[in-house]
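Survey of secondary and tertiary structure
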Amino acid sequence: MIRNLGAYFLMMGWVLRKPRKFSVFWAMLMREIHAIGISSIPIVVLMSTFIGAVISLQTASNMDNPLLPSYTVGYITQSSVILEFSPTIISLILAGKVGSNISSEIGTMRITEQIDALEIMGVNSLNHLILPKVFAAVIYFPILVIFSMILAMVGGLISLIISDLSTAETYVLGLRSWFDVYNVIYALIKTVAFGFIIVSVSSFYGYYVKGGSLDVGRASTKAVVISSITILITNFIITKLMLL
Amino acid sequence: MISVQHVDKTFGKQQVLFDITADFQPGKINLIIGQSGQGKTVLAKSMVGLHEVDQGQILYNGRDFTQMDKRQKTALRQEIGMLFQGAALFDSMTVEENVKFPLRMFTKMTKKEMQDRVDFCLERVNLSGRNALFPSECSGGMQKRVGIARAISMNPKYLFCDEPNSGLDPKTAIVIDSLIKDITYEYGITTIVITHDMNSVIEIGDSILFIHQGKNWWSGDKRDIIETNNPEIESFVYASEFMKKIRASLRENIS
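Attention here is on the structure that accompanies the text. (Residues numbered from 1 in each chain as written. Chains lettered and ligands numbered in written order. Predicted model: local features only at pLDDT ≥ 70, side-chain atom pairs only at ≥ 80, totals over all residues. Heavy atoms only, no water.)

**So, the environment of Tyr 140 of chain A**
Residues and elements named next belong to chain A. Along the polypeptide, Tyr 140 turns up in helix α6 (residues 125–163). Among the residues examined, Tyr 140 registers a relative accessible area of 13% and is labelled buried. Along the backbone, Tyr 140 and Thr 191 are 51 residues apart, and their C-alpha atoms lie at a distance of 9.7 Å. Excluding its chain neighbours within four sequence positions, the residues that come into contact with Tyr 140 are Ile 33, Gly 37, Ile 38 and Ile 41. (Helix = DSSP H or I, 4+ residues; strand = E, 2+ residues; numbered from the N terminus. Buried < 20%, exposed > 50% of the residue type's maximum accessible area, 1.4 Å probe, protein only. Contact = heavy atoms within 4.5 Å.)

Right, here's the structure in full:
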């Protein structure tokens, strides 16, 4: 584990360097924004809308204390979505989707000698392949998470209205109650950290794969597991540092 | 000229190359032959810096690659083209983008100049008009030809080909051999070809290095390999009855 950690930091030392040709980097960045960000929109829409709806329904169905104001449902949905659901759960889902994709893509490039071809040309393959992915994740994951927050709250609204458990005015009053911009900033900081972890850890396992297609599959699984565990630990550390 | 001097290479506890010394001449096709697992690819990959050698020198026109810093290696690598066994084309790029990639990365050519160079290289390997295809849409032979076009796009002084004929039918293998031969003679490139293909040995082998048990076991040219009685060469090159008959016929022609 310590050896892997050392190799990871050494790798990042090569990744986080100035790109050789900005025009090539820019083209790669646009491609990665599409591959990592835009292609993830459907799953984010689906997950966010339905989980937001379920959070609202569960909160409403468990609120049988008459002393609690009716807008509490909106407030709890807002807090759960901003603080935890959108940044963490969506990142865990993206660790599965994006992480396995990155790991298998780079792993396949390794076993088919495409990375060797880059190295022989004199290209810093780590910088060329991984830096655009890191930038794409760090730029686009926060956008996805903001999108997810909005959709989850809309999902909650729709589910309450359909189920006749609350009115739109009461729910929106709850969403606006004790709304703190700091929580959104906290969520976005977490998301940037999670995006960095997903891309760098998955790239690490893909880049250093040895063997054949079975090993690429194993590396992909490992990348998802390690990214997810690292996200959970980082979540705890950032929460401890920023909220307590 | 590339000169390899007393090169050793070990992986873990297993030594793969033992004191290899050889010269590879410019304007000639220098073959490295030998059985699988004898160290041919390790030697070629060590020569281009994909493996670091334990000791010895690799001299490119007198410049020792093993002593260069990263910047110097990057500069030298722009003089090297390599054709990989599986072509190693970038999946996400079209044929044109693959050939254009080194030009975009390392030159200050205008778009027009780049396009002209790409078209020239593709024409050189008989792939004009195939610019928009992706590697997955190309046959094995086409992929190899795109690999050659990419390798020569930067006008290399040194060309490495790792088993260029593997997986190809005999007719396509001859096309690839002819391309390598034409390009080498036309541009005076130092070409190094790792091969198992005995047809290539006889057809294009200007200079042949036989690696056995990680050592420089035998060297000569295509005439020498017909005449030699070295037992390891005989058991490798002339293993089949068919090859023995061909050798007998070639020997008759020579005498």
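Resuming the write-up.
**Observations concerning helix α4 (residues 72–111) of chain A**
Residue and element names in this part refer to chain A. Here α4 contains 40 residues, and its C-alpha end-to-end distance of 55 Å stays within 8% of the 58 Å for a straight helix at 1.5 Å per residue. Val 81 marks where α4 bends most, by close to 50°. Looking at the residues trailing α4, positive phi occurs at Glu 113, about 70°. (Expected span 1.5 Å × (residues − 1). Bend = angle between axes of the 7 residues up to and from the residue.)

**Brief notes about the nonpolar core**
Among the nonpolar cores identified, the biggest contains 97 residues, and Ile 2, Phe 24, Leu 43, Met 47, Tyr 60, Phe 101 and Phe 160 of chain B are the most heavily contacted of them. The biggest single contributor to this core is α6 of chain A, with 15 residues. Excluding its chain neighbours within four sequence positions, the residues that come into contact with Leu 43 of chain B are Val 4, Leu 17, Ile 20, Ile 32, Leu 209 and Ile 211 of chain B. (Core = buried A, V, L, I, M, F, W, Y, C linked by side-chain atoms within 4.5 Å.)

**Looking at the environment of Leu 103 of chain B**
Residue and element names in this part refer to chain B. Within the secondary structure layout, Leu 103 lies in helix α3 (residues 95–106). Each C-alpha atom, one on Leu 103 and one on Glu 113, is 9.7 Å from the other, the two residues being ten residues apart in sequence. The contacts of Leu 103, once residues within four sequence positions are left out, are Met 109, Met 114, Arg 117, Val 118, Ser 153 and Met 154.

**Considering the pairing of strand β7 (residues 158–162) of chain B**
All names here are of chain B. Of all five residues making up β7, five are buried, and the element is well covered by its neighbours. Where strand β6 (residues 80–83) and β7 come together, four bridges link them in parallel fashion. Each bridged residue has a counterpart across the sheet, and for Ile 80 the counterpart in β7 is Tyr 158. Sheet topology note: the β7/strand β8 (residues 190–195) ladder contains five bridges and is parallel. Following the sheet pairing, Leu 159 is matched in β8 by Thr 191. (Pairing = 2+ DSSP bridges.)

**As for the interface of chain B and chain A**
Counting residues at the interface gives 24 residues for chain B, matched by 20 residues for chain A. A combined buried area of about 2,000 Å² lies between chain B and chain A, and 63% of that area is made up of carbon and sulfur atoms. Counting every contact that joins chain B to chain A gives two salt bridges. Secondary-structure elements contributing two or more residues to the side of chain B that touches chain A are α2 (70–77), β6 and α3 of chain B. Element by element, the count of residues in the side of chain B that touches chain A is highest for α3 of chain B, at five residues. Here the residues of the side of chain B that touches chain A are counted per class, giving twelve nonpolar, six polar and six charged. (Buried area = accessible area lost by both parts, 1.4 Å probe. Salt bridge = Lys/Arg side-chain N within 4 Å of Asp/Glu carboxyl O. Nonpolar A, V, L, I, M, F, W, Y, C, P; charged D, E, K, R; others polar.)

**A look at the environment of Met 1 of chain B**
All names here are of chain B. Tracing the sequence through the fold places Met 1 in the segment before β1 (2–11). The partly exposed category is assigned to Met 1, whose relative accessible area is 31%. As for Met 1 and Tyr 60, which are separated by 59 residues in sequence, their C-alpha atoms are 6.1 Å apart. When residues no more than four places from it in sequence are discounted, the contact partners of Met 1 are Asp 23, Phe 24, Gln 25, Pro 26, Leu 59, Tyr 60, Asn 61, Tyr 158 and Thr 190.

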